[in-house]
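Chain and residue survey
Below are the chains, spelled out letter by letter.
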Amino acid sequence: MLGDTVMDVLARQHRMQGVATLWVPGLDHAGLATQVVVRNYVEKQGRRWDDLSRPEALAEIGRWKEERERHIRAQAEAGGFSIDWSRYRYTMDAASVRATREAFVALHRAGLIYRGERIVNWDPPMRTAISDLEVEHREEETDLVFLRYPWADGTPGGLEIATVRPETIFGDVAVAVHPEDDRYRDAVGRTVQVPLSDRLVPVIADPAVDAHFGAGALKITPRHDPVDREIFLRHPQLTAPPELFDESARLIGDWVPPAYRGLDRAAARAAVTRDLAAGGFLVRTERYRHSVARSTRSDAVIEPRLSTQWFVKMAPLAVPAVAAVRQGEVRLHPARWELTFYRWMEGIQDWCISRQVFWGHPIPVAVCRACGADTVSVDPPAACAHCGSTELRPDPDVLDTWFTSWLWPFAALGWPEPTADLAHYYPTSVLVTGRDIMFFWVARMMMAGYFFRGARPFSDVYFTGMLRDEEWRKLSKSLGNSPDPLELIRARGADTMRFALLFPNPAEEDGAFGDASLDGARNFLTKVWNLVRFAVPHLPTGPGALAAPPRIERGAALESRWLLARYRRAAEDVDRALAAFEPSRAAALLHGFVWHDVADRYVEIAKDALAGRRGEPARREAAAVLGFVLERTLRRLHPFVPHVTEELWHALPHDGDLLAVAAWPSPAEAPPDPEAELEMEAVLDAIRLLRNLRAEAKVPAAATPSAWIRPAGPEVARVLEREAPAIRRLTRVGALAFLPADAPAPPGAGSRVAPLGECYLERPAEGPAARAGLERERERLAELLAKTRGRLADAGFRARAPPDVVAEAEAKVRDLTERIRRIDDHLKADGSGAAEPA
Ligand SMILES: [Zn+2]
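Right, let's talk about the overall build of the protein for a bit. From N to C terminus, the protein includes 25 helices and 27 strands. For 838 residues, the compact-globule estimate of 2.2 N^0.38 gives 28 Å, and the C-alpha radius of gyration of the protein, at 37 Å, exceeds that figure by more than 25%. Once the C-alpha set of the protein is aligned to its principal axes, its extents read approximately 120 × 65 × 50 Å. Buried positions account for 49% of the 838 residues belonging to the protein. For the protein, contacts bridging at least 24 residues in sequence account for 75% of all contacts bridging at least 6. Accessible surface for the protein amounts to roughly 38900 Å². Of this, 53% is attributable to carbon and sulfur atoms.

In structure tokens, the structure reads:
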């Protein structure tokens with residue numbers, strides 16, 4: 001929903017700007033992930049997945065996919081995302097099948113796809129290889145078993161070896177030591193016996209052995225460890241081992257003593273450890289914390305396993321993708337992700353693309369039973385391309401889902417067919433996605449784009465942050481803190497959800513999402529709603545009424561000139577933020593402009609004019625300015641909150657049928673007016689100071705005390721005197737007088753100093769009740785002061801808190817001290833003057 005909201009903001013804005021904007025929706029088949037989920041679902045119902053026939057299993061997956069697809073589409077529709085559903089694509093549809101096969105064949109022809117025997121990450125419950133990116137490394141504690149391999153010649157003693165996987169000893173082909181390890185100089189060349197087995201293996205020397213791990217000797221199990229395999233390949237005299245585990249990680253093969261054959265690895269580990277102890281081979285075990293690789297699909301511990309798989313050679317494909325980011329041809333937002341991108345791309349490993357599941361695209365290779373050669377073809381072959389035999393065995397594996405998804409930017413537009421969409425929309429412009437799939441998807445799409453199309457797939461990538469709940473936990477289904485978007489939209493409205501996703505948290509950072517942000521968004525939308533409803537009866541009517549910006553005559557009201565200038569500035573800032581891929585900053589700017597400038601300031605000041613109390617020309621002017629600013633602001637808000645703005649826009653005089661296709665307004669429609677902005681600042685300051693004085697002296701709401709301003713200079717004086725009626729009205733001041741620079745301060749008035757000058761407000765007469773109130777207030781402030789000081793005195797707080805929080809606390813201490821001092825002054829003055837007649 002966050003990603004879709006960002007995409008929709010960008011799509012709607014560009015559509016309004018007249019750019020041919022296309023948002024292609026699609027769904028990927030998520031091969032392995034889907035198979036895992038459906039398998040769990042089936043087993044939860046008490047059926048065994050393995051008992052299902054292939055068509056039955058495919059039917060289960062098909063049903064599940066249909067249901068998810070409906071749900072995902074319903075969410076996107078409810079969110080109001082401006083997607084072109086007529087171009088909906090699915091990574092298993094006929095065009096995707098063709099694109100996937102074409103891609104495989106082209107890469108194979110280019111020598112970039114090969115079949116190889118490698119140690120892969122094997123997921124035993126899923127019975128498939130998975131890619132490095134699907135493996136998660138976690139610190140876990142397991143038993144480190146120290147065991148002794150006796151000398152084959154019967155000499156007492158033997159070699160001590162440490163392992164966390166004692167069940168793999170039956171796959172050993174040697175014991176290796178470091179060539180410079182003096183402890184074992186005499187051992188090299190001798191033979192040891194594999195415990196619990198009658199097999200003898202040589203002791204070899206290899207520099208890859210870590211002499212500091214355990215006792216410094218390493219058992220070599222080439223089919224189940226990449227380092228062991230490298231050592232094995234360097235020592236050709238060693239016997240090649242048979243398979244040790246089947247695909248479910250059960251012990252198999254001639255090298256495994258019959259007692260352990262058929263046990264799965266966990267049961268085997270327990271049995272082997274027990275028997276090692278009974279047989280006198282076990283030296284000791286200790287608890288050991290180390291990094292354990294687990295499958296993100298099944299959560300099972302990965303079994304490194306030698307197996308034959310298909311790989312894509314990535315290094316040559318990575319070259320143009322890295323260059324594209326370095327040269328700014330593809331820009332990442334936020335740019336700090338470039339470092340992560342480079343780090344991964346520069347150490348890129350070949351990509352294992354075959355999966356031993358059935359939910360996915362079959363590998364487009366058939367092996368000839370007659371001559372043994374591969375036939376690699378886009379269309380399933382009828383005969384062997386090498387000998388013509390029709391005895392072909394299709395490769396039983398399927399492709400990693402990402403092997404289809406990485407083609408998305410052009411495959412979704414029709415590739416390999418030369419479609420009009422492909423010609424018109426490729427290269428595309430923007431990709432919005434989560435940073436967690438930067439390598440799974442983003443980097444690979446770039447590689448595919450340059451290889452298959454000779455051009456970047458997109459110019460800009462925007463990585464959204466991750467949403468958390470209000471306790472800063474990741475939103476997740478298992479924690480139950482991740483709201484269902486459909487329910488959320490039903491309860492809160494799509495626009496509220498959309499705005500809350502972008503504001504107040506920056507969308508590109510991790511942010512808290514919950515009732516607080518939703519309430520904030522709702523309050524803002526209510527404010528917009530009320531503002532337009534308030535304005536509508538005042539506005540000019542008829543077509544074209546708001547088509548042009550209002551003409552501002554000489555002598556126009558300051559607030560009108562100011563609002564137009566502020567609008568221009570806000571509009572420019574919003575456009576700049578959107579161009580810089582900062583949608584949240586744009587939302588915050590609009591929020592501030594509508595709430596503070598239009599609603600709180602302008603409408604308050606212009607209320608009289610709008611109501612006609614300052615004459616017809618003033619009324620017309622205020623209505624034209626407010627109408628113009630609201631109409632243009634609704635357009636700018638539209639990409640963020642399309643439903644409420646569309647509705648409100650139709651209540652305003654407007655031209656055109658739909659706000660969604662109205663033009664994006666240029667900030668330049670409104671004139672710049674720095675003078676008005678400066679003058680208004682003085683007026684707003686005066687209002688703020690007098691209001692503060694009012695609040696401080698607890699002046700009753702109905703009272704209209706006198707006020708004085710001693711302006712800082714003649715310019716300010718001129719402006720404030722001109723705007724005195726507005727200032728009086730907004731501060732509910734009775735009389736407002738302007739003091740010359742040398743006049744004494746009015747006696748008994750509270751005062752405030754600001755750049756505009758000094759403001760004074762008459763204090764109301766006070767009785768004992770007011771005095772008691774002040775004393776209570778003083779007590780409250782003193783308590784608050786003690787608490788804040790206590791916080792600052794805590795060294796831990798100062799060390800942990802961000803500098804601005806500390807600064808804020810320090811400012812609070814100063815402010816509270818000053819307020820207490822003023823109350824003290826007041827109480828003193830009040831006490832001495834109590835006997836005087838009022
Ligand atoms: Zn053949």
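Phi is mostly negative for residues that are not glycine, and the peptide bonds are mostly trans. Following Trp-415, the chain continues into Pro-416 via a peptide bond in cis, with omega recorded as 10 degrees. If you trace the backbone, Pro-416 turns up in the loop between α10 (408-411) and α11 (420-425). Note the cis peptide between Tyr-426 and Pro-427, where omega equals -5 degrees. Residue position: Pro-427 is located in the loop between α11 and β20 (430-434).

This part takes up the sheet that holds strand β25 (residues 736-738). With mixed pairing, the four strands of this open sheet are ordered in space as β25-β24-β27-β26. Each of the sheet's edge strands pairs with one partner strand only, and the pair in question is β25 and β26 (749-754). Across the sheet, the mean angle from the axis of one strand to that of its neighbour is 20 degrees, orientation sign disregarded. Sheet analysis places β26 next to strand β27 (residues 757-762), joined by six bridges and oriented antiparallel. Bridge pairing in β27 links Ala-749 to Glu-762.

Tracing the sequence through the fold places Arg-223 in the loop between β10 (217-220) and α5 (226-234). Residue Arg-223 is classed as buried on the basis of its relative accessible area, which comes to 16%. Side-chain polar atoms of Arg-223 contact the backbone oxygen of Pro-241, separated by 3.2 Å. For Arg-223, the residues in contact, after removing those within four places along its chain, are Ile-119, Pro-241, Pro-242, Glu-243, Pro-304, Arg-305 and Leu-306.

With that settled, the discussion passes to the packing of helix α17 (residues 583-610) against helix α18 (residues 616-637). As a packed pair, α17 and α18 sit with axes 10 Å apart at the nearest point and diverge in direction by 165 degrees. Put simply, α17 runs roughly antiparallel to α18. Note that α17 runs across α18; the crossing there is left-handed. In contact with Leu-590, Phe-593, Val-594, Val-598, Tyr-602, Val-603, Ala-609 and Leu-610 of α17, α18 contributes Ala-618, Arg-619, Ala-622, Ala-623, Val-625, Leu-626, Val-629, Leu-630, Thr-633, Arg-636 and Leu-637. A breakdown of the residues in the contact of α17 with α18 according to their chemical character gives 16 nonpolar, one polar and two charged.

Considering all chains together, one arrives at five cavities of 30 Å³ or more under this definition. Quantified by volume, the largest cavity comes out at close to 70 Å³. Secondary-structure elements contributing two or more residues to the lining of the largest cavity are α15 (515-535), α17 and α18. For the lining of the largest cavity, the leading source of residues is α18, giving four residues. Across the lining of the largest cavity, the residue classes tally to eight nonpolar, one polar and no charged.

Here we come to the coordination of the zinc ion. Distances from the zinc ion to its protein donors, namely Cys-368 (SG), Cys-371 (SG), Cys-384 (SG) and Cys-387 (SG), fall within the range 2.3 to 2.4 Å. Site description for the zinc ion: donor spacing in sequence, C-x2-C-x12-C-x2-C. With a gap of 16 residues between them, Cys-368 in strand β16 (residues 365-368) and Cys-384 in the loop between β17 (374-376) and β18 (392-394) connect regions that are remote in the sequence. Summarising the burial analysis for this pair, Cys-368 and Cys-384 share the class buried.

With 25 residues, helix α3 (residues 54-78) should cover 36 Å at 1.5 Å per step; its first-to-last C-alpha distance of 36 Å lies within 8% of that length. Residues Ala-57, Glu-60, Ile-61, Lys-65, Glu-69, Gln-75 and Ala-76 constitute the buried set of α3. Structurally, α3 contributes buried residues whose contacts are with β1 (26-27), α2 (31-44), β2 (89-90) and α13 (485-492).

Rules behind the numbers
Residues numbered from 1 in each chain as written. Predicted model: local features only at pLDDT ≥ 70, side-chain atom pairs only at ≥ 80, totals over all residues. Heavy atoms only, no water. Helix = DSSP H or I, 4+ residues; strand = E, 2+ residues; numbered from the N terminus. Rg over C-alpha atoms; globule rule 2.2 N^0.38 Å. Buried < 20%, exposed > 50% of the residue type's maximum accessible area, 1.4 Å probe, protein only. Contact = heavy atoms within 4.5 Å. Areas by Shrake-Rupley, 256 points an atom, 1.4 Å probe, with all protein chains shown as cover. Pairing = 2+ DSSP bridges. Axes fitted to C-alpha atoms, helices over the stretch in contact; angles between N-to-C directions. Polar contact = N/O pair within 3.5 Å; in protein donor to acceptor, adjacent residues only side chain to side chain. Parallel < 35°, antiparallel > 145°, perpendicular 65-115°, else oblique. Left-handed = near helix turned anticlockwise from the far one by under 90°. Nonpolar A, V, L, I, M, F, W, Y, C, P; charged D, E, K, R; others polar. 1 Å grid on protein atoms, 1.4 Å probe; cavity = no way out; pocket = protein on both sides within 12 Å on 5 of 7 lines; lining within 4 Å. Points joined across faces, edges and corners; volume = space filled by probe spheres on them. Donors = N, O, S within 2.8 Å, 3.2 Å for Na, K, Ca; no water. Expected span 1.5 Å × (residues − 1).

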